[in-house]
Amino acid sequence: MEHFVKRLDKAYDAIDYADYILVGAGAGFSAAAGIEYSGKRFEDNFKDFIEKYGLTDMYSSGFYPFKTSEEKWAYWSRHVYMNRYSVGKTELYEQLLELVRNKDYFILTTNVEHQFWINGFENDRIFATQGDYGLFQCSEPCHEKLYSNRDFVFKAIKNIADCRIPSDLIPKCPVCGKEMALNLRVDNTFVEDEKWMEMYNNYSRYLEHVDEDKNTVFLELGVGFNTPSIIRYPFEQMTYDNPNTTLIRLNRSSSQAIPENKDKTICFDEKISEIFTYWLSRI
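Attention here is on the structure that accompanies the text.

The rules behind the values
Residues numbered from 1 in each chain as written. Predicted model: local features only at pLDDT ≥ 70, side-chain atom pairs only at ≥ 80, totals over all residues. Heavy atoms only, no water. Helix = DSSP H or I, 4+ residues; strand = E, 2+ residues; numbered from the N terminus. Rg over C-alpha atoms; globule rule 2.2 N^0.38 Å. Buried < 20%, exposed > 50% of the residue type's maximum accessible area, 1.4 Å probe, protein only. Contact = heavy atoms within 4.5 Å. Areas by Shrake-Rupley, 256 points an atom, 1.4 Å probe, with all protein chains shown as cover. Lys, Arg positive; Asp, Glu negative; His and termini not counted. Charge placed at Lys NZ, Arg CZ, Asp CG, Glu CD. Arc of directions from axis to C-beta. 1 Å grid on protein atoms, 1.4 Å probe; cavity = no way out; pocket = protein on both sides within 12 Å on 5 of 7 lines; lining within 4 Å. Points joined across faces, edges and corners; volume = space filled by probe spheres on them. Nonpolar A, V, L, I, M, F, W, Y, C, P; charged D, E, K, R; others polar. Pairing = 2+ DSSP bridges. Right-handed = clockwise from strand over helix to strand, strands pointing away. Axes fitted to C-alpha atoms, helices over the stretch in contact; angles between N-to-C directions.

### A few points about the overall build of the protein chain
Then, number 1: Of the regular secondary structure elements, the protein chain holds 12 helices and 9 strands.
Then, number 2: Here the C-alpha radius of gyration of the protein chain, 20 Å, is about what a compact globule of 283 residues would show, namely 19 Å.
Then, number 3: Overall, the protein chain is about 60 × 40 × 30 Å in size when its C-alpha atoms are taken along their principal axes.
Then, number 4: Per-residue burial over the protein chain gives 49% buried out of 283 residues.
Then, number 5: Counted over contacts in the protein chain with a minimum sequence separation of 6, partners at least 24 positions apart contribute 67%.
Then, number 6: Accessible area of the protein chain: about 13,900 Å², with a carbon and sulfur share of 48%.
Then, number 7: Within the protein chain, one finds 33 positive and 44 negative side-chain charges whose respective centroids are separated by 4 Å.

### What about helix H9 (residues 150–157)?
Then, number 1: Residues Phe152, Val153 and Ala156 constitute the buried set of H9. Along the long axis of H9, the arc covered by the buried residues comes to 95 degrees, so they all point the same way. Residues of H9 that are exposed and point more than 90 degrees away from the buried face comprise Asp151 and Lys155.

### Details of empty space enclosed by the protein
Then, number 1: Going through the model one piece at a time under the given rule, you end up with 1 cavity of 30 Å³ or more.
Then, number 2: Taken together, Tyr93, Thr109, Asn111, Val112, Glu113, His114, Gln115, Phe116 and Trp117 make up the full set of residues lining the largest cavity.
Then, number 3: It is helix H8 (residues 115–118) that provides the largest number of residues to the lining of the largest cavity, a total of 3 residues.
Then, number 4: Residues that form the lining of the largest cavity fall into these classes: 4 nonpolar, 4 polar and 1 charged.

### Looking at the layout of surface pockets
Then, number 1: Computed from the structure, the second largest pocket encloses a volume of approximately 360 Å³.
Then, number 2: Lining the second largest pocket are 22 residues, with Trp117, Asp132, Leu135, Leu146 and Lys195 sitting closest to its centre.
Then, number 3: Elements represented by at least two residues in the lining of the second largest pocket include exactly helix H6 (69–85), strand S3 (126–128), strand S4 (131–138), strand S5 (147–148) and helix H10 (194–207).
Then, number 4: Per element, the largest residue contribution to the lining of the second largest pocket is 4 residues, and it comes from S4.
Then, number 5: Here the lining of the second largest pocket is built from residues that sort into 11 nonpolar, 6 polar and 5 charged.

### Here's the deal with the pairing of strand S7 (residues 216–221)
Then, number 1: Among the 6 residues of S7, 6 are classified as buried, and the element is accordingly described as predominantly covered.
Then, number 2: Side-chain alternation along S7 places Thr216, Phe218 and Glu220 on one buried face and Val217, Leu219 and Leu221 on a second face that is also buried.
Then, number 3: Inspection of the sheet shows strand S1 (residues 20–25) paired to S7 by 6 bridges, in the parallel sense. When the sheet's bridge partners are listed, Gly24 is paired in S7 with Glu220.
Then, number 4: Alignment of S7 against strand S8 (residues 245–250), held across 6 bridges, turns out to be parallel. When the bridges of S8 are listed, Leu219 appears paired with Ile248.
Then, number 5: Taking the sense of rotation as the criterion, the β-α-β connection linking S7, helix H11 (residues 232–241) and S8 turns out right-handed.

### Here we look at the sheet that holds S3
Pairing between sheet strands relies on hydrogen bonds along the backbone, with the strands arranged either parallel or antiparallel.
Then, number 1: The strand order across the open sheet formed by 6 strands is S3-S2-S1-S7-S8-S9, and the pairing between neighbours is parallel. Two strands in the sheet have a free side with no partner beyond their single neighbour: S3 and strand S9 (265–268). Neighbour-to-neighbour, the strand axes of the sheet open up by a mean angle of 15 degrees, direction not taken into account.
Then, number 2: Across 6 bridges, S1 lies against strand S2 (residues 104–109) in parallel orientation. Following the sheet pairing, Leu22 is matched in S2 by Phe106.
Then, number 3: Helix-sheet contacts for H10 involve S1, S2 and S3, and the interaxial angle to S2 is about 130 degrees.

Keep in mind that these numbers describe shape and distance, not what the molecule does.
Written out as structure tokens, the structure reads:
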């Protein structure tokens with residue numbers, strides 16, 4: 001326990017003294033916040049789909065080859081409702097905001113549940129690289145505009161019967177008439193609209209601070225090896241390349257530091273909620 005507290009204090013001091021804090025948030029952070037894709041939460045809310053298709057969790061279900069659009073959108077409307085519209089604010093995201101609120105921070109995230117916006121982080125400091133559950137795009141795509149899917153989702157979940165929605169509810173592109181798709185990076189049809197490009201540029205400009213003679217903390221939260229090239233590997237490389245940097249890695253199963261950064265990385269495999277509670281007690 002004492003060793004745990006020493007690490008907690010060392011990490012908090014690094015955060016406290018930091019001029020810049022770059023937060024990298026992955027799926028493990030949302031899971032720790034209660035947005036779990038498996039277990040009781042999945043089983044309680046997808047009983048009909050589990051019985052009909054043998055689905056085991058919300059992550060793998062996203063790749064299930066539904067035979068019809070009526071079935072596909074029945075599943076996805078409930079999936080999006082559960083993870084984007086029904087959750088609201090979460091304590092862990094609120095705690096993170098309290099931790100970095102008075103710092104020059106930036107958020108890089110692969111999460112698509114919109115939690116950083118819901119919990120009040122500054123809009124121009126959030127780069128969600130992989131999209132957003134709340135947005136539609138043309139599946140073609142014939143143009144690069146994104147659309148809110150809120151009305152569709154709420155209407156669709158009320159009209160699911162035998163794991164299908166009525167055919168006339170299938171979302172269609174207002175320009176070409178083809179089916180819509182969720183704005184999620186699953187292949188090369190992912191639409192990077194003007195807002196995405198704006199945030200990409202904001203992130204690129206923020207990275208210029210890392211090269212300055214300032215204290216920078218990379219706060220990596222729940223980032224595993226699903227898409228390590230977006231957060232995990234770049235954070236490790238920037239930590240290695242720049243002298244005034246500290247990498248703080250929170251991950252229940254993959255918290256280890258690479259040997260080259262051993263003295264510049266503070267690792268935690270304990271519960272993120274316990275870590276945040278302790279840090280906030282020091283503010």
